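Architecture at a glance
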Amino acid sequence: MSKKLRIGLFGYGVVGHGLYDVLHKTKGLNTEIVRIAVKHREKKRDLPAEIFTFDKNEILNDDSLDVVVELIDNADEAFDIVSTALKKGKAVVSANKKMIAEHLQELYDLQQLHNVPFLYEASACGSIPIIRNLEEYYDNDLLDSLEGICNGTTNYILTKTSEENLSYEEALKQAQQLGFAESNPTLDVKGFDAKYKLTILTLHTFGLIIKPENIFNFGIQNLSVADSTYAREKGFKIKLIAHTYRTDDKVVSYVIPKFIKPHDLFYDVRNEFNAVQLGAAFSDKQFFLGKGAGSYPTGSAVLSDIAALSYNYRYEYKKVKQNGAVPFSNDHDLNLYIRYSSENILDELKVHDISQRFISNNTKYVIGKVKLSNLIKVKLNDHIDVFVAKID
Ligand code: HSE
């Protein structure tokens, strides 16, 4: 039997609003949003004023509420709310990937210490039910790899610029208007958002808790006409891909643009859609596709967590508890296309095994190998005249 849940909601923005709507359109759920904590008093809202509060403690101290759903933008405030709620023994649902990724260890410890569930399906790849699948279906050691398009905004920009010739700025503006982009879109375009999601997915794929700063991310902010032309001439599309996989002796995780060939399933993933491809020893490749951003798709993932709580579901983190986990490492070579203007960057990156070199008046690129640890060291996202993409 499902139990009745009384919910205190934090945030009534794009996702909070989406959750409210999908919850009220879903029949048979024994749940009620009793209170909504919001920040701005002056904002006009489409619900009766009595449901809103501007004081977080009206939810956190209310013993009649069993579930806190945290859907605010600010990661620090979100951690404060979520950790307080867990300490008070409330079940918590969150979609805040930055907050979760930055506090994975503490949030894991709080769940164990207070014996409370904390669910966050909506934090990675929006509507795709990937975390619960990794937890429940792939709960053994047979997974070898996870690759994903985990950011809707960048996939939207890449689709609109390549298929409709929209400018980068116009495509980003549309993604913002549609509610896909972060309030600070740098997090999207430089690959941070995808990295936060990858940090969470690496935990549920391989049982490893890794600090986001140890995972390399590079985005699409420096993509130039020369890079798009190179891709088009070779028949590739460029996609921002989050990777985590196991080699013989380690697990590696990173976010980087990649040249995708036409037969690859990621090739046709368009607009704000996300996709995840798992590689496993016996089932081989499996592919999940779904909307990764937006009010209702994300709201539906939050709703699914709430429904799971009504049946007392919680993550067991069996992979974390298994002994003999393979260690995480950045001592790993990637084969990269590197478009650059100053030769210094090739020295700093210690590019080796160069297989191609192109120099014209306007463009210079090489294809060669670089260690992940060197990519992290040179802070590639801070360079405005370099673009790198993985090439198989
Ligand atoms: N900014 C995020 C994206 C929102 O574009 O994917 C969903 O996490």
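Higher on the page you've got the structure.
Rules of the game
The residue numbering used here restarts from 1 in each chain and proceeds along that chain's sequence as written. Two thresholds apply to this predicted model, a pLDDT of at least 70 for residue-level local features and 80 or more for giving and counting side-chain atom pairs, whereas whole-chain, interface and lining totals are computed over all residues. As a convention, hydrogens and water are excluded, and side-chain values are obtained from all of the structure's heavy atoms. Nearness is defined per residue: one heavy atom within 4 Å of the molecule or strand is enough. Identification of polar contacts relies on pairs of N or O atoms within 3.5 Å, with a donor-acceptor requirement for protein atoms, meaning one able to donate a hydrogen and the other able to accept it, and with residues adjacent in sequence counted only if both atoms are side-chain atoms. With residues, only the protein chains shown are counted as cover, and all accessible areas are computed by Shrake-Rupley using a 1.4 Å probe. Each helix corresponds to a stretch of at least 4 residues labelled H or I by DSSP, and each strand to a stretch of at least 2 residues labelled E; elements are numbered beginning at the N terminus. Lys, Arg, Asp and Glu make up the charged group, whereas Ala, Val, Leu, Ile, Met, Phe, Trp, Tyr, Cys and Pro make up the nonpolar group; the residues left over, Gly among them, are polar. In this description, a line fitted to the C-alpha atoms serves as the axis of each element, helices being fitted only across the stretch in contact, and the angle between N-to-C directions of two axes falls anywhere from 0 to 180 degrees. Here is the rule for angles: anything less than 35 degrees is roughly parallel, anything more than 145 is roughly antiparallel, 65 through 115 is roughly perpendicular, and the remaining ranges are oblique. Put simply, a crossing is left-handed when the front helix is turned counterclockwise from the back one by less than a right angle, and right-handed when it is turned clockwise. Two residues form a contact once any of their heavy atoms are found within 4.5 Å. Here, strands pair whenever DSSP counts at least two bridges between them. Definition used for salt bridges: Asp or Glu carboxyl oxygen within 4 Å of a side-chain nitrogen of Lys or Arg. The span expected for a helix works out to 1.5 Å for each residue beyond the first. Partly exposed residues are those whose accessible area sits between 20% and 50% of the maximum for their type, while under 20% is buried and over 50% is exposed, using a 1.4 Å probe and protein chains only.

1. A closer look at the site of the ligand
Around the ligand sit Lys97, Asn151, Gly152, Thr153, Phe180, Ala181, Glu182, Asp188, Asp193, Lys197, Gly292 and Ala293, and that is every residue in its neighbourhood. Side-chain polar atom of lysine 197 to an oxygen atom of the ligand: 2.8 Å apart, as the coordinates give it. The fraction of the free accessible surface of the ligand (260 Å²) that becomes covered by protein chains is 92%. Elements with a contribution of two residues or more to the shell around the ligand: α7 (152–163) and α10 (192–206). Its residues placed into classes, the shell around the ligand shows 3 nonpolar, 4 polar and 5 charged.

2. Quick word on the packing of helix α3 (residues 75–87) against helix α5 (residues 104–114)
It is at 9 Å that the axes of α3 and α5 come closest, and there the two elements cross at 15°. Between α3 and α5, the crossing angle belongs to the class labelled roughly parallel. Pair α3 / α5 crosses with left-handed handedness. On the side of α3, the interface is formed by Phe79, Val82, Ser83, Leu86 and Lys87, while α5 contributes Glu106, Leu107, Leu110 and His114. Residues that form the contact of α3 with α5 fall into these classes: 5 nonpolar, 2 polar and 2 charged.

3. As for the sheet that holds strand β6 (residues 118–119)
Strands sit in the order β3-β2-β1-β4-β5-β6 across an open sheet of 6 strands; the sheet is parallel. Unpaired on one side and paired on the other, β3 (52–53) and β6 mark the two borders of the sheet. In the sheet, strand β2 (residues 31–37) pairs with β3 via 2 bridges, with the strands oriented parallel. Bridging across to β3, alanine 37 finds its partner in threonine 53. Helix-sheet contacts for α3 involve β1 (5–10), β4 (67–70), β5 (91–94) and β6, and the interaxial angle to β4 is about 165°.

4. A short note on the pattern of salt bridges
Tallying each qualifying case throughout the model produces 22 salt bridges. Taken together, the shared-partner salt bridges connect Lys97, Glu182, Asp193 and Lys197 into one network.

5. Details of α10
Between its first and last C-alpha atoms α10 spans 20 Å; for 15 residues at 1.5 Å apiece the expected length is 21 Å, and the two agree. The buried count for α10 comes to 14 of 15 residues, which makes it a mostly enclosed element. Just beyond α10, the residue with positive phi is glycine 207, at close to 75°.

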